[in-house]
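Residue-level listing of the chains:
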Amino acid sequence: MRRGAIVALTSIALAVAAITTAIAYFVDWLPDQASEERQGMDLVFWVTVGICIFVFAIVASVSIYAGVKFRVRPDDESDGPPIHGHTGVEIVWTAVPTIFVTIIAVLSAIVLAQNEDPKGVPLRIDVLAQQYAWQFTYPEQGGIKATNLYLPIDRSTKLVLTSRDVIHSFWVPEFGQKQDAVPGIVTTVLITPTKTGEYRLICTELCGLGHALMRSRAIVLSQADFEAWTQKQAPGGGTAGGDGVDAKGIFTANCAPCHTLAKAGTSGMVGPNLDQAASLGPQRVEQQIRNGGGGMPPFGGQLSDAEIKALVQYLTGSNG
Ligand code: CUA
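Now for a look at the structure at hand. (Residues numbered from 1 in each chain as written. Predicted model: local features only at pLDDT ≥ 70, side-chain atom pairs only at ≥ 80, totals over all residues. Heavy atoms only, no water.)

### Regarding the packing of aromatic side chains
Logical step 1: Going through the model one piece at a time under the given rule, you end up with eleven aromatic pairs.
Logical step 2: Here Y65 and F70 contribute two aromatic rings whose centre-to-centre distance is 6.4 Å and whose plane-to-plane angle is 80 degrees, an arrangement assigned as edge-to-face.
Logical step 3: Taking relative accessible area as the criterion, Y65 reaches 16% and is therefore assigned buried.
Logical step 4: Using a relative accessible area of 59% as the deciding quantity, one classes F70 as exposed.
Logical step 5: Taken together, a centroid distance of 6.0 Å and an interplanar angle of 90 degrees make the contact between W134 and F170 edge-to-face. (Phe/Tyr/Trp six-rings, centres within 6.5 Å; stacked < 30°, edge-to-face > 60°. Buried < 20%, exposed > 50% of the residue type's maximum accessible area, 1.4 Å probe, protein only.)

Below is the structure:
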């Protein structure tokens, strides 16, 4: 009798474990792995899944077995026997989860420590988050600014994050690493890309109306391509300033996430459509860009006078 129960419980547990393991194994749960940091993080994930399957199989087998075996017959009005505790079982169901949780905690601590360890001297990139856009600055490459995150492969990059307004959070699923960008403080996170390509860069902290649109791209280049990119972006070209200010580039970098403007090909829905901005007059437009207001952050401290002037002209067709 007793042996029959053990065989039944074990069989159910093995069947449940087989089904859940198949679901875990055959479904493609995780995004592509594109950073060294992801390796440890995925290990923690799968160890935790393994522990969950083990616990779930035992709980499911006991539940199913008890449900079938001790089911009340339709004419049975009697109570079950009074049972007051079972010290042995209580020790087991306290000790086993404690061991599992400790395993997960220790493994996580090791992976976190490893992921803060750069491979060689890390490349520094400053990350500025604001409602609702990302800006990346490369201080070691002459202060290049970009709205997409360009990274060289096989080299650790140290992101130094902060925010202009509210709390945002940096996340590229393929890299795993996640870090908050908090106004008033500086946070850091390390990423060592292992695969070239383009990945989604997501704000993963609810930060306002445009949160869902606060997206950008992380682009991993070969070391040579990254070198070429930094050369191309160096002062004198692109949006780096000087007389050849690229107003459309400034608009795309700073305004596109929130505003629609037909001639820039943007379709942001957070702020007003700017196709008719000329009707406001250049002064109003410049005031709004400098000081913000109505839900828009001020750009006075972020853009140079020349850039603001170029932007006003671009929007209103006037020199102000
Ligand atoms: Cu920024 Cu959500």
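That shown, we press on.
### As for the pattern of salt bridges
Two side chains that carry opposite charge are able to pair once their charged atoms sit near each other.
Logical step 1: Applying the stated rule across the entire model yields seven salt bridges.
Logical step 2: For E286, the salt bridge is made with R290, and the minimal N-O distance between the two is 2.9 Å. Here R290 and E286 lie together in helix α6 (residues 282-291), a separation of four residues that amounts to about one turn.
Logical step 3: A relative accessible area of 26% places E286 in the partly exposed class.
Logical step 4: We note a salt bridge from D305 to R290, for which the minimum N-O separation is 3.2 Å. With D305 in helix α7 (residues 305-316) and R290 in helix α6, this pair connects stretches of sequence that are 15 residues apart. (Salt bridge = Lys/Arg side-chain N within 4 Å of Asp/Glu carboxyl O. Helix = DSSP H or I, 4+ residues; strand = E, 2+ residues; numbered from the N terminus.)

### Considerations on the sheet that holds strand β8 (residues 187-191)
The pairing of strands in a sheet happens through backbone hydrogen bonds and is either parallel or antiparallel.
Logical step 1: Pairing within the open sheet is mixed, and its five strands lie in the order β3-β2-β1-β5-β8. One side of each edge strand has no neighbouring strand; the edge strands of this open sheet are β3 (144-146) and β8. When strand polarity is set aside, the average angle formed by the axes of neighbouring strands in this sheet is 25 degrees.
Logical step 2: When strand β1 (residues 123-130) meets strand β5 (residues 157-163), the two strands line up parallel, connected through seven bridges. The residue bridging I125 from the neighbouring strand is L159, located in β5.
Logical step 3: Helix-sheet contacts for helix α4 (residues 223-233) involve β1, β2 (133-138) and β3, and the interaxial angle to β3 is about 105 degrees. (Pairing = 2+ DSSP bridges. Axes fitted to C-alpha atoms, helices over the stretch in contact; angles between N-to-C directions. Contact = heavy atoms within 4.5 Å.)

### A word on helix α1 (residues 2-26)
Every α-helix carries 3.6 residues per turn, so stepping three or four residues along brings you back to the same face.
Logical step 1: For α1, which comprises 25 residues, the first-to-last C-alpha distance of 36 Å matches the rise-based estimate of 36 Å (1.5 Å per residue) to within 8%.
Logical step 2: Taken together, the buried positions of α1 are A5, A13, V16, A17, T20 and A24.
Logical step 3: Against the buried residues of α1 lie α2 (36-69). (Expected span 1.5 Å × (residues − 1).)

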